[in-house]
Structure formats: structure tokens, C-alpha cells
Amino acid sequence: MRTYILLAIVASCLALTLAQDEKPWFCRNYECPRFTTMSTTDVYDVRSYGQTNWLTTKVRSATPWPTKDQKREMFFKLFPYFMRRNSRFMKIQMAVPALFKVEKKAENDYDVTMMFYVNDSDPPSPKVGGTSLEPMMASQVYVRAFKQVKWPSNQEYDAKVEELSNGITDKSSFDANTYYRASYNYPFDLRMKQHEIWFMKN
């Protein structure tokens, strides 16, 4: 009997390892953070992620949505890092997802951070001003995923944020004033696109 219990424990650990190592379909040809789905409801999944590294830059905005000029400025601050503008002068393969972290500070006052995933456990430092490398600690995340061919509008994203917030029963388990928008495709990609809203679980 003890042998069967030990075998069951080993099998469970192996299944968990395989789940973490398997690349999700929506990452396609890009590297992306691995995760394990801990639970699923009609509204969201709870995923478990290990520690990851992100290249970031931040703007202040009156809405959760930076202007086109702000988004362009953020992108062109981050992109050179992958084209050798880093402390090791090395070219780094871009990965997915791209995140927008939205932090509500007050009414009509938001910090919005653009974040690019860096698939390296020991990445080089950035050399462009206004950018930084930030680790995201191992965590569990509430995820509201949705798929569509066209790029979502601001209103569609906002609706998904509300759906996820309303769908989580334990309101003390997350900060409703901070969420992430995750995209795994580029806007010009004509295939089905994966988009997600994240709340970090406390």
C-alpha cells in the first residue's frame, strides 16, 4: 500500500513538472513564461508562475490608456534593449507576452507600465534611460483570457477587467486597483489572438 502511495506522489510531481515545461499554444514560435493552471471557473483560471524577468518603462496617465504618442515613446525605449543596447551588447530574442501594468493612484491618475518579457534568468542591464529590469516574483494569478482576430478596443478590455473583478468572490484576495493587460500577438498578426487580464493573487 505504501508503495502505491509513493508512486502516486511521484506521478503527481511528474505531471506538475510536465505542465510547467509545456509551452502554451498561444505563444506560438515565441518563448513565454511557463505556468501551471491550479483551478478553473467559468470566468477565470488561477495560474501559478515561477519568477520571471521583465524590461519596463512607465508613464503617468489620466486614464488606464496611454496616448498613442506615449505608447510609441515607451516602445522605442524598450525595443533597443533587444537590439544590443544592453550591458553585454548582446542581441536578445523578443518573447511574449507584452504587458501593460495599470495602477490606479487616484481618480484620473494612473501609472501605466509597459513590460516586455525577457527570457533569461540572468539578463543584462538596460542602457537606455527610463527603463529598468524588474523581477516578477513567483506568484499565483487570476487570469481572464479571451481570443479574437481583431485587436480589442479599450472598451472591450475594460469590460474584461470588470468581468474578472466581479467574478472573483473573495475580494480580499486581490488588489482591484492594479491589473495587467497581456497580449501574445502583434497587432498586424492576422491569426486568432490571445489576450488576457491579470489580477495578482494576494
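A. Structural context of the nonpolar core. Phe82, Tyr142, Leu164, Ile168 and Phe199 are the most contacted members of the largest nonpolar core, which totals 28 residues. The set of elements that each furnish at least two residues to this core consists of β3 (52–61), α2 (68–82), β4 (98–106), β5 (109–118), β7 (139–148), α3 (154–167) and β9 (193–200). With sequence-adjacent residues up to four places away left out, phenylalanine 199 is seen in contact with Val141, Tyr142, Val161, Leu164, Ser165, Ile168, Phe174, Asp175, Ala176, Thr178 and Tyr179. Within the second largest apolar cluster, 19 residues are counted, among which are Cys27, Tyr117, Met136 and Ala182.

B. Region of interest: the sheet that holds β3. The 9 strands are arranged β1-β2-β7-β9-β8-β4-β5-β3-β6 in an open sheet whose pairing can be described as antiparallel. Strands with a single pairing partner mark the edges of an open sheet, and in this sheet they are β1 (35–40) and β6 (132–136). Neighbour-to-neighbour, the strand axes of the sheet open up by a mean angle of 35°, direction not taken into account. Two strands pair when backbone bridges link them, and β3 and β5 are joined in this way by 9 bridges, in the antiparallel orientation. Note that in β5 the partner of asparagine 53 across the bridge is valine 118. Packing of α3 onto the sheet brings it into contact with β7, β8 (178–183) and β9, and relative to β9 it is tilted by some 45°.

C. Highlighting the environment of lysine 147. Looking at where lysine 147 falls in the secondary structure, it is placed in strand β7. Expressed as a C-alpha distance, the spacing of lysine 147 and phenylalanine 26, which sit 121 residues apart in the sequence, is 9.8 Å. Residues contacting lysine 147, with those up to four places away along its chain left out, are Trp25, Met192, Lys193 and Gln194.

D. Structural view of the side chain of lysine 193. Counting through the fold element by element, lysine 193 comes out in strand β9. An unpaired buried charge is present at lysine 193: no salt bridge exists, and aspartate 189, the closest side chain of opposite charge, is 5.4 Å distant. Among the polar contacts listed, one links the side chain of lysine 193 to the backbone oxygen of aspartate 189, at a separation of 2.2 Å.

E. A look at the pattern of salt bridges. Counted by the stated rule, this structure contains 14 salt bridges. The salt bridge partner of glutamate 103 is lysine 105, with a shortest N-O separation of 3.9 Å. On the basis of relative accessibility, which here comes to 14%, the residue glutamate 103 falls in the buried class. For aspartate 189, the salt bridge goes to arginine 191, with nearest N and O atoms at 2.9 Å. Judged by relative accessible area, arginine 191 falls into the partly exposed class, the value being 41%. One connected set of salt bridges, linked through shared partners, spans Arg60, Glu103, Lys105, Asp109 and Asp111.

F. Molecular detail of unusual backbone geometry. The omega angle of the peptide bond from valine 96 to proline 97 is 5°, so this bond is cis rather than trans. Of note, proline 97 is situated in the loop between α2 and β4. Although it is not a glycine, arginine 28 adopts a positive phi angle of roughly 55°. Among the secondary structure elements, arginine 28 is positioned in the loop between α1 (2–21) and β1.

G. How the structure looks around the pairing of strand β2 (residues 45–49). By the bridge criterion, 5 bridges tie β1 to β2 in an arrangement that is antiparallel. Within β2, the position partnered with threonine 37 by the bridge is arginine 47. Hairpin geometry of β1 and β2 is characterised by an intervening segment of 4 residues between the two adjacent antiparallel strands. Relative to β7, β2 is paired through 5 bridges, and the arrangement is antiparallel. Bridging across to β7, serine 48 finds its partner in glutamine 140.

How each quantity is defined
Residues numbered from 1 in each chain as written. Predicted model: local features only at pLDDT ≥ 70, side-chain atom pairs only at ≥ 80, totals over all residues. Heavy atoms only, no water. Core = buried A, V, L, I, M, F, W, Y, C linked by side-chain atoms within 4.5 Å. Buried < 20%, exposed > 50% of the residue type's maximum accessible area, 1.4 Å probe, protein only. Helix = DSSP H or I, 4+ residues; strand = E, 2+ residues; numbered from the N terminus. Contact = heavy atoms within 4.5 Å. Pairing = 2+ DSSP bridges. Axes fitted to C-alpha atoms, helices over the stretch in contact; angles between N-to-C directions. Lys, Arg positive; Asp, Glu negative; His and termini not counted. Salt bridge = Lys/Arg side-chain N within 4 Å of Asp/Glu carboxyl O. Polar contact = N/O pair within 3.5 Å; in protein donor to acceptor, adjacent residues only side chain to side chain.

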